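Summary of structural features
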Amino acid sequence: MKDLSMEQITNQYLDVLKELGNIGAGNATTALAQMIGCKVDMSVPQVKLLEFSELGAMVGGEEQLMVGIYLQVEGDIEGSMMFILEKSSAAHLVNKLMCGMLGVTNEEIINHEFGEMECSAMKEVGNIITGAYLNALSSLTNLKIYPSIPQLGIDMAGALLSVPAIEFGLFADKILLVQTQFSDDIELDGYFILIPDMESYEKILTALGVM
Amino acid sequence: MNEVIKVGMAALAVCNADDAITTLGLGSCIGIAIRDPATGIGGLVHIMLPDSTEIRNNENRLKFADTGIEDLVKEVVKKGANRSRLVAKIAGGAQMFAFGGKSDLIRVGERNALASKKKLNELKIPILAEDTGETYGRTVIFYPKTGDYVIRSVGMPEKVI
């Protein structure tokens, strides 16, 4: 199985990876609801295998201003993970988390600048969402997964996504993206990108008994 | 001007003097723009990784600085540019997060920039200007007629190199 390519893995096991994404995102939604203290609905996550060139368009254009949370994953599997969402959605979440302390309306929030406090709150949101996602993956596969402290980036979608794309680029020509739509008062789109190395893919699939 | 051609990750485009080429939201990737000043024919390649020889999965030539630049030169010459007159400008190679993933991806932006310059030097294509490194993304537009390479970043004034 050592020479399995990304292409083969995803063709054969896309359903399994979809289900993993589904459960991970579901767990993350529950965590999000608990954190901001209100009901959060989630659409069925879309799992897509994209060409690098399609990536920007998928998340609303390469120049879309977004907030990315990026962290390393260690333990039985190695790699990294990114959670990315529109900056206005992020501001909305931060405002909820801080009980409206930003003091801006939902209309104004689109242009709200992120200061130190907002970044710190957003890191915490990212920490909890990605932690919940990885927890689901860990308990399903019985593999040890340790996330690092998250890093925060606020920039154009294309620039942020170049980081996971380059990581996928080491062994593939495509990127696996899990899109989840959360909604509370407004709808927000969030995207998970899990980037295990090839060996870890095999470990995950073996642990699930499908390989 | 007639048209602005959009180039995605691991892709290239060439054009005549009347057109322009853009690539949106460059992060750690590099946009290498070359042109023949006499004819105004130029091209741009959007590379992701420094070196095709370091990686087993290297069939996608445009993903790498070394093979990507080779192909870009080939394409602009095919379009009618004079090989000996070619000049280059490069932008991108930012470090978007404080750590860069696995050990071979640490400072990948910086390594992309170095690899691009090395390849251009090998091919004896002079680098007239560069805007690389830092920690922010860049949208670039290349006008091969004038050689202007316009760079836009979030929250910063537009610049032309």
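Concerning the overall build of chain A
Each helix and strand in chain A was counted, giving six helices and eight strands. Reading the helices (α) and strands (β) of chain A from amino to carboxyl end gives α-β-β-α-β-β-α-α-β-β-α-β-β-α. When burial is assessed residue by residue, chain A has 45% of its 211 residues classed as buried. Here the contacts in chain A between residues at least 6 apart in sequence split such that 73% fall between residues at least 24 apart.

Observations concerning helix H4 (residues 116-141) of chain A
Residue and element names in this part refer to chain A. Taking 1.5 Å per residue as the helical rise, H4 with its 26 residues ought to reach 38 Å, and the 37 Å between its terminal C-alpha atoms agrees with that figure. Among the residues of H4, Glu 118, Ala 121, Met 122, Val 125, Gly 126, Ile 129, Thr 130, Ala 132, Tyr 133, Leu 134, Ala 136 and Leu 137 are the ones counted as buried. Backbone geometry just after H4 places Asn 142 at a positive phi near 60 degrees.

Looking at the pairing of strand S6 (residues 87-92) of chain B
Residue and element names in this part refer to chain B. Within S6, five of the six residues are buried, which leaves it mostly tucked inside the rest of the structure. As judged from the six bridges shared by strand S4 (residues 30-36) and S6, these two strands associate in the antiparallel manner. Note on S6: the bridge partner recorded for Ile 34 is Ala 88. One ladder, built from five bridges, connects S6 with strand S7 (residues 127-132); its direction is parallel. Considered in S7, the bridge of Ile 90 is made with Glu 130.

Let's talk about the interface of chain B and chain A
Facing 28 residues of chain B, the contacting portion of chain A comprises 28 residues. The greatest single-element share of the side of chain B that touches chain A, amounting to three residues, is contributed by strand S3 (residues 20-26) of chain B. Across the side of chain B that touches chain A, the residue classes tally to 18 nonpolar, nine polar and one charged.

Focus on unusual backbone geometry
Located in the positive-phi region is Asn 142 of chain A, a residue other than glycine, with phi close to 60 degrees. One can find Asn 142 of chain A in the loop between H4 and strand S5 (145-147). In this structure, Glu 134 of chain B is a non-glycine residue whose phi angle is positive, near 65 degrees. Along the polypeptide, Glu 134 of chain B turns up in the loop between S7 and strand S8 (138-143).

The rules behind these values
- Note that residues are indexed from 1 along each chain, following the sequence as it is written.
- All chains are assigned letters beginning with A, and all ligands numbers beginning with 1, in the order in which they are written.
- In keeping with the predicted nature of the model, local features appear solely for residues at pLDDT of at least 70, side-chain atom pairs appear and are counted solely at 80 or more, and the whole-chain, interface and lining totals rest on all residues.
- Here a helix means four or more residues in a row that DSSP labels H or I, a strand means two or more in a row labelled E, and each is numbered from the N terminus.
- Any residue with 12 or fewer other C-beta atoms within 10 Å of its own C-beta is exposed, any with 20 or more is buried, and the rest are partly exposed; the C-beta atoms used are placed from the backbone.
- Two residues qualify as a contact pair if the distance between their C-beta atoms, derived from the backbone, is within 7 Å.
- Expected span of a helix, by definition, is 1.5 Å for each gap between consecutive residues, and there is one gap fewer than residues.
- Between any two strands, at least two bridges found by DSSP are needed for them to pair.
- Residue polarity follows a fixed list, in which Ala, Val, Leu, Ile, Met, Phe, Trp, Tyr, Cys and Pro are nonpolar, Asp, Glu, Lys and Arg are charged, and the others, Gly among them, are polar.

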